[in-house]
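Here are the chains, one letter per residue:
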Amino acid sequence: MHPVATGAPGDRLLLLGNEAIARGAIEAGVQVVASYPGTPSSEIVETLLDVSTELGFYAEWSVNEKVSFELAAGAALTGVRSLATMKGAGLNVIMDMFMTLPYTGTRGGLVLVVADDPGAHYSSNEQDSRFAAQWAMIPCLEPESHQEAKEMTAYAFGLSERLELPVVLRTATRLSHSSGVVELGQVGRPALEPGFNKHWKTPYRWNVYGPPGAPAKHQWQLDRVPLMVRESEALTYSEVRRGNQPVAVVTCGTAAAYVREALRDLDLEDQLWLFKIGMVYPIPEGVTLEVLRQCGRLLVVEEGDPVVESQLRVLAQANGIDAQILGKQGKAVLPLHGELGTSIVRGALAEMMDLPVQKDKTRQAIKQEVAPLVIPRSSALCAGCSHLGTYWALRQAMGEKREDVHIANGDIGCYEQAGYGVKGQMPEASEKALAHHDSTILYDFLDTLYVMGSGVSMAQGQARAGYKGGQVVAVAGDSTFFHTCMPGLLNAVWNGTKLTFVVMDNFWTSMTGHQACPATGQTALGQPVRTILIEEVARSLGVEFVEVADPYDLEGTTSLLRKALAYDGVAVVVTRRECMLQILRRERKYKEPYTVTEDCAICGECVKLGCPAITFSDEEGAGIDPILCVGCDICAQLCPCGAIVPGSEAS
Amino acid sequence: MSKKRKAVTNVVVAGIGGQGSILASHLLAQTALKDGLDVKLAETFGAATRGGSVMAHVRMGQVWAPTMMEDEADVVLSMEPLEGLRVATRFLRPGGWALINSRPWVPVDVAVGRCEYPSVESIVDGLRKLGAQVVSLDATELALQAGNARAANTVMLGGLFALGALDLSENSLFGAMDERWSERLVQVNRRAYDLGYQEVSASLGATK
């Protein structure tokens, strides 16, 4: 079993932030856990799944975040402690329930862990999810360290029960995906028997429409705000350290760690006040007012948007305090985009304190001299990935006539990399080249790429706009299809909108680490269940053109895709092959590596495939890396010279 | 030397997804933990499961932030030359060590003709310009000699310990390896470690 479960109280383990959060939930005695995978949040539930059977609680991967949150909420109404985790984007998927559930509140502790991604390392946006907690008027905790991640998670369940409200714990990439030393505590109490009382404490408690109606329930929630502030005041994870000067740094979450390092680096530790806030909504008003009154100048350092800073400004203004507040608003000393770091915080501190900023011009010059050597390394699909075959066939089927401007609508999953572009030097950027769909290189193929489930619906908008400049397609993967594509597909059928929709089924939610999904044929715990076939779902939604293709068969797949594009109605093509990484993990090997013979005419056609095992130069022609190549045969099928063959067949 | 430099040792482990860089960084962090140091380890990788740039910051001593500032690394250990230069340009302090596996992993950008992979000599030269003490070795070849190409990361750890730049005990590292692997894998990796140690010791003109 995972050391997160077996560790004894007092043990000191090196844990990922996400593992620390999992341990916190275990220590709190969590009973129901549900989630949809999303980087950087996935390891929380992966860790909990590992130990759920032995520890006797329920955990699952749900079909999407909305389902997982509503499932957790349903469990909490019966009095048990439940947890839903998601990435920032996942929070957007649950917003309807998220804004409504607080009207009735909850009974058992209900904790939502939201992992934001400043710097958008793994995400479509840099959203600050703490705003959502403020919008819904529920508490939001933000841990600084791995130890706090564990402790605050456990604490959040009790807080939720005292306030009878869901609680948000906001983490960020830098905490979730880093490791630190965590001292373990006692594992939580045994499971409670679930119970239900529809009039618990107030009439029709779990029904916003029930008497006395939603506004009265909203009033009930507003009455909780002073209680929330009192909890915020009492929170032991907040900290005030006085300094010699009437100047304060106000901070929270991972930003606090950068502040500590920057203060040390600038030798300001004794000079400035340090005010770290553990509950970022609502902030502890009493102690904040005290700091505002004592310090004429304050710098607010937080990861994301000015959530704490805005509350501070409101509080100062409402209490007639004329303090100078620096941060991300007004004359900003900190950036509103990107991820913070010690250097940035040090710069802001130096600016506030009027310290000379040392700029080593010689060093910068050396770095600039070396920089041209540091060529980019663009993201690529894996060697032997079935998506390579699907995309090749799709590009053939759509055609490369230069007068056509196709629109390829992408979606979220490994296959989104076909929209990442290739950095390096861009080709001649003529007007025509920019306007036209440049399908020469796989990674330039996708034209629109936003959020889960968006592509299939956007394609319908392009059709309804009367777009005739070229072909319009939408692509998605298996897990994404089940997550949010089904309503979009049904919409096209119902409204009779022409749509070509390609679903790449590789059996797993691969990009986030190969979690199971309805296409896998097993649950998150590996129990065998019926595989939900995408073609059957499509047919039952009323799609009349439904075909299944093998993406390792380029000719067969291309011909089916041509028919689908020509079809006057809704056409779905499922391309199906298991994720190559999963095959290699299980079997160690797929087939023998291929090689390039002397027949290579140096045409460069194989390079367009986008396989990382293929090398190419004008002098030496094509080559295949024998370590990376898995023998999928796709490049051999597309080589016009027949120059790519299995290693053993080369003369 | 600032207060901070005395208090903290910073290492960046870099490479390509699938080469075992993250695993090497975890072994290093576990070693520091066994030696009684506080430690923070931050992983950064792109969206791709394999083949993308990977970087881990290992920070030992009195640390709060999981990531270090620019020009703060005492050592850059890279499983791939270009990634070593990429990371060193941002993080290596002048006078710090750059320990580089000399086997290139050519990015897709080169295959599609949008840039050229620099020669390993020019990469080493670039590292020297940045003020690095450079040691490069063919860790992949040494790992094959040890019995498994995937042990290149432990070859590099052997090289790292041979530098003598870190105040960590070999026994703690071996303990961390014992906890992670079966006896068979430990044997392969201990051989790999020794080969890396000897190679780097030899190139530094010292013996173990």
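Residues numbered from 1 in each chain as written. Chains lettered and ligands numbered in written order. Predicted model: local features only at pLDDT ≥ 70, side-chain atom pairs only at ≥ 80, totals over all residues.

A short note on the overall build of chain B
Piece 1. What chain B contains, in helices and strands, is nine helices and six strands.
Piece 2. For 208 residues, the compact-globule formula gives about 17 Å, and the C-alpha radius of gyration of chain B, at 16 Å, lands near that figure.
Piece 3. In chain B, buried positions account for 59% of the 208 residues. (Helix = DSSP H or I, 4+ residues; strand = E, 2+ residues; numbered from the N terminus. Rg over C-alpha atoms; globule rule 2.2 N^0.38 Å. Buried ≥ 20, exposed ≤ 12 C-beta atoms within 10 Å, placed from the backbone.)

Here's the deal with the overall build of chain A
Piece 1. Along its length, chain A carries 24 helices and 25 strands.
Piece 2. For a compact globule of 651 residues, the expected C-alpha radius of gyration is about 26 Å, and chain A comes in at 28 Å, within 12% of that figure.
Piece 3. Principal axes of the C-alpha set define a box for chain A whose edges measure 80 × 70 × 55 Å.
Piece 4. By the burial criterion, 52% of the 651 residues in chain A qualify as buried.
Piece 5. Nonlocal contacts in chain A, meaning residues at least 24 apart in sequence, comprise 79% of its contacts between residues at least 6 apart. (Contact = placed C-beta atoms within 7 Å.)

Side note on the environment of Ala393 of chain A
Residue and element names in this part refer to chain A.
Piece 1. Turning to its location among the elements, Ala393 is positioned in helix H17 (residues 386-398).
Piece 2. On a C-alpha basis, the gap between Ala393 and Val181 in space is 49 Å, while along the polypeptide they are 212 residues apart.
Piece 3. If near-sequence neighbours (up to four positions away) are discounted, Ala393 is found in contact with Pro551, Leu554, Thr557, Thr558 and Leu561.

Let's talk about the confidence of the model for chain A
The predicted coordinates should not be examined in detail at positions where pLDDT is low.
Piece 1. In the predicted model, chain A carries a mean pLDDT of 94, and 97% of its residues have values of at least 70.
Piece 2. Contacts of residues 429-439 of chain A to residues separated by more than four positions or lying in other chains number 15 contacts, the stretch itself having pLDDT below 50. (pLDDT = per-residue confidence, 0-100.)

Let's talk about the pairing of strand S2 (residues 39-45) of chain B
Piece 1. Taking burial as the measure, the seven residues of S2 of chain B include seven buried ones, the bulk of the element.
Piece 2. Of the two faces of S2 of chain B, the one carrying Val39, Leu41, Glu43 and Phe45 of chain B and the one carrying Lys40, Ala42 and Thr44 of chain B are both buried.
Piece 3. Looking at chain direction, strand S8 (residues 178-183) of chain A and S2 of chain B are connected through three bridges and run antiparallel. Residue Ser179 of chain A lies in a different strand from S2 of chain B, and its bridge partner there is Leu41 of chain B. (Pairing = 2+ DSSP bridges.)

Regarding the domain arrangement of chain A
Piece 1. With domains assigned, chain A is organised as domain 1 (3-232), domain 2 (238-353), domain 3 (386-586) and domain 4 (591-649).
Piece 2. One C-alpha centre belongs to domain 2 of chain A, the other to domain 3 of chain A; they are set 46 Å apart. (Domains from an automatic or database assignment.)

Focus: the sheet that holds strand S5 (residues 110-116) of chain A
Residue and element names in this part refer to chain A.
Piece 1. Reading across from one edge, S3-S2-S4-S5-S7-S6-S12 is the order of the seven strands in this open sheet, with mixed pairing throughout. Edge positions in the sheet fall to strand S3 (58-61) and strand S12 (279-281), since each of these pairs with one other strand and no more.
Piece 2. As judged from the six bridges shared by S5 and strand S7 (residues 167-172), these two strands associate in the parallel manner. Bridge pairing links Ala115 to Thr171 in S7.
Piece 3. Against the sheet, helix H8 (residues 146-163) contacts S5, strand S6 (140-141) and S7, and its axis sits at roughly 165° relative to S7. (Axes fitted to C-alpha atoms, helices over the stretch in contact; angles between N-to-C directions.)

As for the confidence of the model for chain B
Residue and element names in this part refer to chain B.
Piece 1. Here chain B shows a mean pLDDT of 92. Residues at 70 or above account for 93%.
Piece 2. The element-level mean pLDDT for chain B is lowest in helix H1 (residues 3-7), coming to 57, with strand S4 (residues 73-78) highest at 98.
Piece 3. Here residues 1-5 is modelled with pLDDT under 50, and outside its nearest four sequence neighbours on either side it reaches five contacts, counting other chains as well.

Quick word on the nonpolar core
Piece 1. With 272 residues, the main nonpolar core has Val572 and Ile614 of chain A together with Val76 of chain B as its most contacted residues.
Piece 2. Ranked by the residues each element gives to this core, the list is headed by H8 of chain A, at eight residues.
Piece 3. In contact with Ile614 of chain A, other than residues within four places in its own chain, are Cys606, Val607, Leu609, Ala622, Ile624 and Cys635 of chain A together with Ala111 of chain B. (Core = buried A, V, L, I, M, F, W, Y, C linked by C-beta atoms within 7 Å.)

Points about the interface of chain A and chain B
It is common to give the size of an interface as the accessible area that goes away when the parts come together.
Piece 1. With 46 residues of chain A at the contact, the number on the chain B side is 46 residues.
Piece 2. Every element with two or more residues in the side of chain A that touches chain B is listed here: S8, helix H12 (253-265), helix H15 (342-353), helix H16 (361-370) and strand S23 (614-617) of chain A.
Piece 3. In terms of residue count, H12 of chain A provides more of the side of chain A that touches chain B than any other element does, six residues in total.
Piece 4. By residue class, the composition of the side of chain A that touches chain B is 22 nonpolar, 15 polar and nine charged. (Nonpolar A, V, L, I, M, F, W, Y, C, P; charged D, E, K, R; others polar.)

Brief notes about the sheet that holds strand S14 (residues 324-326) of chain A
Residue and element names in this part refer to chain A.
Piece 1. Spatial ordering of the open sheet is given by S9-S11-S10-S13-S14, a layout of five strands whose pairing is mixed. Whereas interior strands pair on both sides, the edge strands pair on one side only; in this sheet they are strand S9 (239-241) and S14. Here the strands of the sheet are splayed against their neighbours by 15° on average, with no regard to which way each runs.
Piece 2. Note that strand S10 (residues 247-251) and strand S13 (residues 297-301) share five bridges and pair parallel. Across the sheet, Val247 pairs through a bridge with Arg297, a residue of S13.
Piece 3. Contacting S13 and S14, H15 runs over the sheet at an angle of about 170° to S13.

So, the packing of helix H6 (residues 139-146) of chain B against helix H7 (residues 152-163) of chain B
Residues and elements named next belong to chain B.
Piece 1. As a packed pair, H6 and H7 sit with axes 8 Å apart at the nearest point and diverge in direction by 110°. With respect to H7, the axis of H6 lies roughly perpendicular. Between H6, through Ala139, Thr140, Leu142 and Ala143, and H7, the contact on the second element is made entirely by Ala152, Val155 and Met156.
Piece 2. Looking at the contact of H6 with H7, its residues break down into six nonpolar, one polar and no charged. (Parallel < 35°, antiparallel > 145°, perpendicular 65-115°, else oblique.)

Overview of the pairing of S23 of chain A
All names here are of chain A.
Piece 1. Where S23 and strand S24 (residues 621-624) come together, four bridges link them in antiparallel fashion. Along S24, the bridge assignment pairs Thr615 with Gly623.
Piece 2. Count of turn residues in the S23/S24 antiparallel hairpin: three residues.

Re helix H6 (residues 95-104) of chain A
All names here are of chain A.
Piece 1. Residues of H6 that are buried include every one of Phe98, Leu101, Pro102 and Thr104, and no others. The arc that holds the buried residues of H6, viewed along the axis, is 150°, so those residues lie on one side.
Piece 2. Of the residues trailing H6, Gly105 is marked for its positive phi of about 75°. (Arc of directions from axis to C-beta.)

Some details on the environment of Thr39 of chain A
Residue and element names in this part refer to chain A.
Piece 1. Along the chain, Thr39 falls in the loop between strand S2 (32-35) and helix H3 (42-55).
Piece 2. A tally of 20 C-beta atoms within 10 Å means that Thr39 is categorised as buried.
Piece 3. Along the sequence, Thr39 and Tyr122 sit 83 residues apart, while their C-alpha atoms lie 6.2 Å from each other.
Piece 4. Other than its neighbours up to four places away in sequence, Thr39 contacts Lys87, Tyr122 and Thr512.

As for the packing of helix H2 (residues 21-34) of chain B against H7 of chain B
Residues and elements named next belong to chain B.
Piece 1. Two elements in contact, H2 and H7, have axes separated by 9 Å at closest approach and are oriented at 45°. Between H2 and H7, the crossing angle belongs to the class labelled oblique. Helix-helix and strand crossings are classified by hand; for H2 and H7 the assignment is right-handed. Counted together, Ser21, Leu23, Ala24 and Leu27 of H2 and Asn153, Met156 and Leu157 of H7 form the full contact between these two elements.
Piece 2. Here the contact of H2 with H7 is composed, by residue class, of five nonpolar, two polar and no charged. (Left-handed = near helix turned anticlockwise from the far one by under 90°.)

Some words on unusual backbone geometry
All names here are of chain A.
Piece 1. Of note, the bond from Thr39 into Pro40 is cis; its omega dihedral lies within 30 degrees of zero at 10°.
Piece 2. By the secondary structure assignment, Pro40 is in the loop between S2 and H3.
Piece 3. With an omega of -15°, the peptide bond running from Tyr281 to Pro282 counts as cis.
Piece 4. Structurally, Pro282 is set in the loop between S12 and helix H13 (285-294).
Piece 5. The backbone phi angle of Ala120 is positive, close to 45°, even though this residue is not glycine.
Piece 6. By the element assignment, Ala120 lies in the loop between S5 and helix H7 (130-136).
Piece 7. Since 16 C-beta atoms lie within 10 Å of it, Ala120 is described here as partly exposed.
Piece 8. In this structure, Asp354 is a non-glycine residue whose phi angle is positive, near 60°.
Piece 9. If you trace the backbone, Asp354 turns up in the loop between H15 and H16.

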